[in-house]
Amino acid sequence: MVTVVSMIGIWMAEVYLSMLWNLDGRGFSELSHRLPYWDFTNLWAGSRMAIDGHVAVLFDVDAYRAALRAMFSPDLQNQEWSYPPSILLLGVPLATLPILPAYLIWTVGTVLCLWLAIRPLKLGAALELAIVLSPAVIWNSVFGQNGALTTALLIGGLAVAPRRPVLAGILFGLLTIKPHLGILVPFCLLASGNWRAILTAIATAVVIAVATGLFFGFDVWRLFLTETRPLMTAIMEAPYPQPYQYNAITVFFTARAIGLGVAAGYGVQAIATVVSIAVAVWLWWPGRQVSHQERVALTAVLAILATPYGYTYDTIGLAVAVAMLAAMTSRPPRLILAVCWLWPFVGHFFTWGGYCVAVLIPLFLAAWMLFSIWTRSRKTEVSGEPSMA
């Protein structure tokens, strides 16, 4: 089964990557109909504009699109700058290079960060390889996205939080480049009473914000709040379906897909967020009968359920959960784990077909892990065995 699933994953990765780099006469990808660097184009080009002293262009949609077309191709499809300006601190060094080597450094470098982040979980070389070469990571690379980096910051911070709270706080502070993926972090730290990590995270976030202002002008934060944030809200609340929504994997997008309006979608998402926060608090409360590795993996899954805005390239945490279940279950149901591992490659096919079931996999994994932890905790309390935490 493992061999078969691995072969399927390799084959699908080869298909997607070959389509991505099969270019037409304009240099556009057969897969995306854009430049093959896809979303990385925004980080690289936006950082180039910042280097050239045109950072304000990032927050003017029409001017930004015109600048992109002048930089790459007049046929380039519409793209938007969607990041907090602090990500420019990462993008500017890369933008001093041509886009292809910058893209390769970004992709390989962020996957390396992911590998370093999962090392403390002590899953073993085979499962670590299954994570860093998982469909979620490949899909992240296809999109030129930052999912490997944000997952590394989230899981890395959670993994070292009890032993190295200062390092954890720094990683959480860096996660503010994509803050909606860190919704659960404050609640985990508060529940565990990890004040050093909390204070370090706040200090790191402040330092990043100030450094961004010093390098690019403090007005970028005002422009981000008044221009970029409303733009991204409008994109998130756009009528369903939009092409980009086919890779969405959150409760909010699923609610929209089944016909609920924006307000009702937010209502359903609010329930999912509150439940995720409650589970995270319970999970991180001192004395729980749970290993720290399980606590980290389940929190990474809950992070997807807690945010209204997330896509398949943000689901690398699911691969970590699959690896954890494979390692800790005496007779793991390999077919079920295989489906969960392959899901980022196949989930959008169901959405295209009108079956909006993408969110079911994180829901299933979260329920499975929580039930396992809960039943083990109850048995331990009855038998009087010592805590695993």
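Before reading on, note that the structure itself is shown above.
In this text the structure is predicted, and so the values were computed from the model without any measurement.

> Describe the overall build of the protein chain, listing the residues and the values that go with them.
What the protein chain contains, in helices and strands, is 18 helices and zero strands. The C-alpha radius of gyration computed for the protein chain amounts to 21 Å, which stays within 12% of the reference 21 Å derived for 389 residues, consistent with globular compactness. Along the first, second and third principal axes, the C-alpha set of the protein chain runs to 70 × 45 × 45 Å. Considering only intrachain contacts with a sequence separation of at least 6, the fraction spanning at least 24 residues in the protein chain is 71%. Carbon together with sulfur atoms contributes 69% to the accessible area of the protein chain, which is approximately 17000 Å² in total. Considering the protein chain, the positive charge centre built from 21 side chains and the negative charge centre built from 17 side chains are found 13 Å apart.

> Could you give me a rundown of the packing of aromatic side chains, with the residues and numbers involved?
By convention here, two paired aromatic rings are described through the distance between centres and the angle between planes. For the coordinates displayed, the defined rule picks out 26 aromatic pairs. Seen in terms of ring centroids, Phe143 and Tyr313 are 5.0 Å apart; in terms of plane orientation they differ by 55°. Their pairing is tilted. Here the residue Phe143 occupies a position in helix 7 (residues 135-143), and Tyr313 occupies one in the loop between helix 15 (292-306) and helix 16 (316-328), the gap between them amounting to 170 residues. Look at Phe143 and you get buried, because its relative accessible area is 6%. One aromatic cluster in this structure is built from Tyr16, Trp38, Trp139, Phe143, Phe252, Phe253, Tyr266, Tyr309, Tyr311, Tyr313 and Phe345. Above the plane of the ring of Trp284 lies Arg295, whose end atom (NZ or CZ) is 5.4 Å from the centre.

> Describe the layout of surface pockets, naming the residues involved and giving the relevant values.
Taken as a whole, the largest pocket holds about 1400 Å³ of empty space. Mapped onto the lining of the largest pocket, the elements with two or more residues apiece are helix 1 (2-20), helix 7, helix 12 (219-236) and helix 17 (334-352). In terms of residue count, helix 12 provides more of the lining of the largest pocket than any other element does, seven residues in total. A class-by-class count of the residues in the lining of the largest pocket yields 24 nonpolar, 14 polar and five charged.

> Outline the nonpolar core, listing residues and values.
The biggest cluster of nonpolar side chains holds 126 residues, and the ones touching the most others in it are Phe40 and Trp81. The element that contributes the greatest number of residues to this core is helix 15, accounting for ten residues. If we skip the residues at most four places from it in the chain, Trp81 touches Asn42, Leu43, Gly46, Leu58, Phe59, Tyr64, Ile87, Leu88, Thr228 and Leu231.

> If you had to explain helix 4 (residues 88-95) to someone new, which residues and values would you point to?
For helix 4, the complete set of buried residues consists of Leu88, Gly91, Leu94 and Ala95. Buried residues in helix 4, looked at end-on, bunch into an arc of 125°, giving them a common side.

> With reference to specific residues and values, describe unusual backbone geometry.
The phi torsion of most residues other than glycine is negative, and most of the peptide bonds are trans. Tyr240 connects to Pro241 through a cis peptide bond whose omega is 5°. Within the element layout of this structure, Pro241 appears in the loop between helix 12 and helix 13 (251-257). Look at His33: it is not a glycine, yet its phi comes out positive at around 60°. Structurally, the position occupied by His33 is in the loop between helix 1 and helix 2 (40-51). Phi is positive for Lys122, close to 55°, though the residue is something other than glycine. Mapped onto the fold, Lys122 is located in the loop between helix 5 (99-118) and helix 6 (125-132). Residue classification places Lys122 among the exposed positions, given a relative accessible area of 71%.

> An account of the packing of helix 8 (residues 147-160) against helix 15 is needed here, citing residue identities and associated values.
Where helix 8 contacts helix 15, the axes come no closer than 9 Å and their chain directions differ by 150°. When the axis of helix 8 is compared with that of helix 15, the two are roughly antiparallel. Considering how the two elements wind past one another, helix 8 and helix 15 form a crossing that is right-handed. Judged by residue contacts, Leu154, Ile155, Leu158 and Ala159 of helix 8 engage His292, Val296, Thr299, Ala300 and Ala303 from helix 15.

> Describe the environment of Gly173, naming the residues involved and giving the relevant values.
Inspection of the secondary structure puts Gly173 in helix 9 (residues 165-174). Considering only alpha carbons, one finds Gly173 and Arg65, 108 residues apart in sequence, at a separation of 30 Å. For Gly173, the residues in contact, after removing those within four places along its chain, are Ala201, Thr204, Ala205 and Ile208.

> For a nonpolar patch on the surface, give the residues involved together with the corresponding values.
Together, Leu199, Ile202, Val206, Val210, Leu214 and Phe218 make up an exposed nonpolar region whose accessible area comes to about 600 Å². Relative to the assigned elements, Val206 resides in helix 11 (residues 195-216).

> Break down the pattern of salt bridges for me, citing the residues and quoting the values.
One side chain can pair with another of opposite charge once the charged atoms of both are near each other. Counted by the stated rule, this structure contains seven salt bridges. The closest approach of N and O atoms between Arg48 and Asp52, which form a salt bridge, is 3.1 Å. Among the residues examined, Asp52 registers a relative accessible area of 43% and is labelled partly exposed. Its salt-bridge partner being Arg222, residue Asp219 comes within 2.7 Å of it at the nearest N-O pair. With Asp219 and Arg222 both in helix 12, this residue pair falls three residues apart, about one helical turn.

> Outline the packing of helix 5 against helix 8, listing residues and values.
Orientation of helix 5 relative to helix 8, taken along the N-to-C sense of each, is 20°, at an axis distance of 8 Å. The orientation of helix 5 with respect to helix 8, classified from their angle, is roughly parallel. With respect to the hand of their crossing, helix 5 and helix 8 are arranged in left-handed fashion. Note on element contacts: helix 8 touches helix 5 through Ala148, Leu149, Thr151, Ala152, Ile155, Gly156 and Ala159, opposite Trp106, Thr110, Val111, Cys113, Leu114, Ala117 and Ile118. Of the residues in the contact of helix 5 with helix 8, the class split is eleven nonpolar, three polar and no charged.

Calculation criteria
- Residues numbered from 1 in each chain as written.
- Predicted model: local features only at pLDDT ≥ 70, side-chain atom pairs only at ≥ 80, totals over all residues.
- Heavy atoms only, no water.
- Helix = DSSP H or I, 4+ residues; strand = E, 2+ residues; numbered from the N terminus.
- Rg over C-alpha atoms; globule rule 2.2 N^0.38 Å.
- Contact = heavy atoms within 4.5 Å.
- Areas by Shrake-Rupley, 256 points an atom, 1.4 Å probe, with all protein chains shown as cover.
- Lys, Arg positive; Asp, Glu negative; His and termini not counted.
- Charge placed at Lys NZ, Arg CZ, Asp CG, Glu CD.
- Phe/Tyr/Trp six-rings, centres within 6.5 Å; stacked < 30°, edge-to-face > 60°.
- Buried < 20%, exposed > 50% of the residue type's maximum accessible area, 1.4 Å probe, protein only.
- Lys NZ or Arg CZ within 6 Å of the ring centre and 35° of its normal.
- 1 Å grid on protein atoms, 1.4 Å probe; cavity = no way out; pocket = protein on both sides within 12 Å on 5 of 7 lines; lining within 4 Å.
- Points joined across faces, edges and corners; volume = space filled by probe spheres on them.
- Nonpolar A, V, L, I, M, F, W, Y, C, P; charged D, E, K, R; others polar.
- Core = buried A, V, L, I, M, F, W, Y, C linked by side-chain atoms within 4.5 Å.
- Arc of directions from axis to C-beta.
- Axes fitted to C-alpha atoms, helices over the stretch in contact; angles between N-to-C directions.
- Parallel < 35°, antiparallel > 145°, perpendicular 65-115°, else oblique.
- Left-handed = near helix turned anticlockwise from the far one by under 90°.
- Patch = residues over 30% accessible without salt bridge, like charges linked within 9 Å, V, L, I, M, F, W, Y side chains within 5 Å.
- Salt bridge = Lys/Arg side-chain N within 4 Å of Asp/Glu carboxyl O.

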